[in-house]
Amino acid sequence: GQNIDQPTEMTATEGAIVQINCTYQTSGFNGLFWYQQHAGEAPTFLSYNVLDGLEEKGRFSSFLSRSKGYSYLLLKELQMKDSASYLCAVDAGNNRKLIWGLGTSLAVNP
Amino acid sequence: SQTIHQWPATLVQPVGSPLSLECTVEGTSNPNLYWYRQAAGRGLQLLFYSVGIGQISSEVPQNLSASRPQDRQFILSSKKLLLSDSGFYLCAWSRGGGTILNTEAFFGQGTRLTVV
């Protein structure tokens, strides 16, 4: 079967660094996505990894290890506006459908 | 640039009433189109996807249906709504074809449906 696991909730302090992990077991792999979703809004694209290693994009970085079925999203210099749900999704190569995790709700406190 | 429009933003409907949510995409051709539902505190559940006009794949058997009458138009319908149909409905598109990034999904603003 297809499965994606990520923590349900995390809490961090403004200005700090937080790492959100995602593990996956899928029948195939064409890439892993991270999305940010603020309450009541649609998800917005953050990053895409298809090769092992770290992709850096400003305050956000995403890491992938295909052999371990593992990814993480790293958020630096946290701001209050980073409080949101972070969704991990995998393209398992199944007719262009993404398999979604349930999301990690991040609360950034002052 | 590509844009996606989804309406209405909020909707309150009585049980047993019909439903029609519409989604249109601009600035691209032959997109893959998706309808998702997100229940409160839950992840994204794929309801339907379409790779072309008139081509609909259903992921979850239920009282909802989808249609794609035009290349960039995707409609979610129901003849009789149930209480369990309440949720946040999201339309999304991704690039068609075989490029490696073709599954990045771009979402509409969402429709919050409350069935009462």
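Residues numbered from 1 in each chain as written. Chains lettered and ligands numbered in written order. Predicted model: local features only at pLDDT ≥ 70, side-chain atom pairs only at ≥ 80, totals over all residues. Heavy atoms only, no water.

S.K.: An account of the sheet that holds strand 8 (residues 73–78) of chain B is requested, with residue identities and associated values reported.
M.R.: All names here are of chain B. A sheet is described by the order of its strands in space; here four strands give the open sequence 1-3-8-7, paired in antiparallel fashion. Strands with a single pairing partner mark the edges of an open sheet, and in this sheet they are strand 1 (3–7) and strand 7 (64–70). Taking each pair of neighbouring strands and ignoring which way they run, the sheet shows an average axis angle of 15°. Across five bridges, the pairing between strand 7 and strand 8 is antiparallel. Among the inter-strand pairings, L64 is bridged to a residue of strand 8, identified as S78. (Pairing = 2+ DSSP bridges. Helix = DSSP H or I, 4+ residues; strand = E, 2+ residues; numbered from the N terminus. Axes fitted to C-alpha atoms, helices over the stretch in contact; angles between N-to-C directions.)

S.K.: Please provide a residue-by-residue account of the pattern of salt bridges, values included.
M.R.: Scanning the model with the defined rule gives five salt bridges over all chains in all. The partner of R68(B) in a salt bridge is D71(B), with the nearest N and O atoms 3.2 Å apart. (Salt bridge = Lys/Arg side-chain N within 4 Å of Asp/Glu carboxyl O.)

S.K.: Tell me about the interface of chain B and chain A, residues and numbers included.
M.R.: Listed as interface residues are 24 residues of chain B and, on the opposing side, 19 residues of chain A. Carbon and sulfur atoms make up 57% of the area that chain B and chain A hide from each other, which totals about 1,700 Å². At the surface where chain B touches chain A, the tally comes to zero salt bridges. Looking at the side of chain B that touches chain A, the elements that each hand over two or more residues are strand 4 (32–38), strand 5 (44–52) and strand 9 (87–94) of chain B. If one sorts the elements of the side of chain B that touches chain A by residue count, strand 4 of chain B sits on top with four residues. (Contact = heavy atoms within 4.5 Å. Buried area = accessible area lost by both parts, 1.4 Å probe.)

S.K.: Go over the packing of aromatic side chains with me, naming the residues and quoting the values.
M.R.: Applying the stated criterion across every chain yields a total of 17 aromatic pairs over all chains. Taken together, a centroid distance of 4.7 Å and an interplanar angle of 45° make the contact between F33(A) and Y48(A) tilted. Pair noted here: F33(A) is in strand 4 (residues 31–37) and Y48(A) is in strand 5 (residues 44–49), with a separation of 15 residues, a long-range link. As far as the burial class goes, F33(A) and Y48(A) line up, both buried. Connected via pairs of aromatic rings, a cluster forms that spans F33(A), Y35(A), F45(A), Y48(A), W100(A), Y34(B), Y36(B), Y49(B) and F107(B). (Phe/Tyr/Trp six-rings, centres within 6.5 Å; stacked < 30°, edge-to-face > 60°. Buried < 20%, exposed > 50% of the residue type's maximum accessible area, 1.4 Å probe, protein only.)

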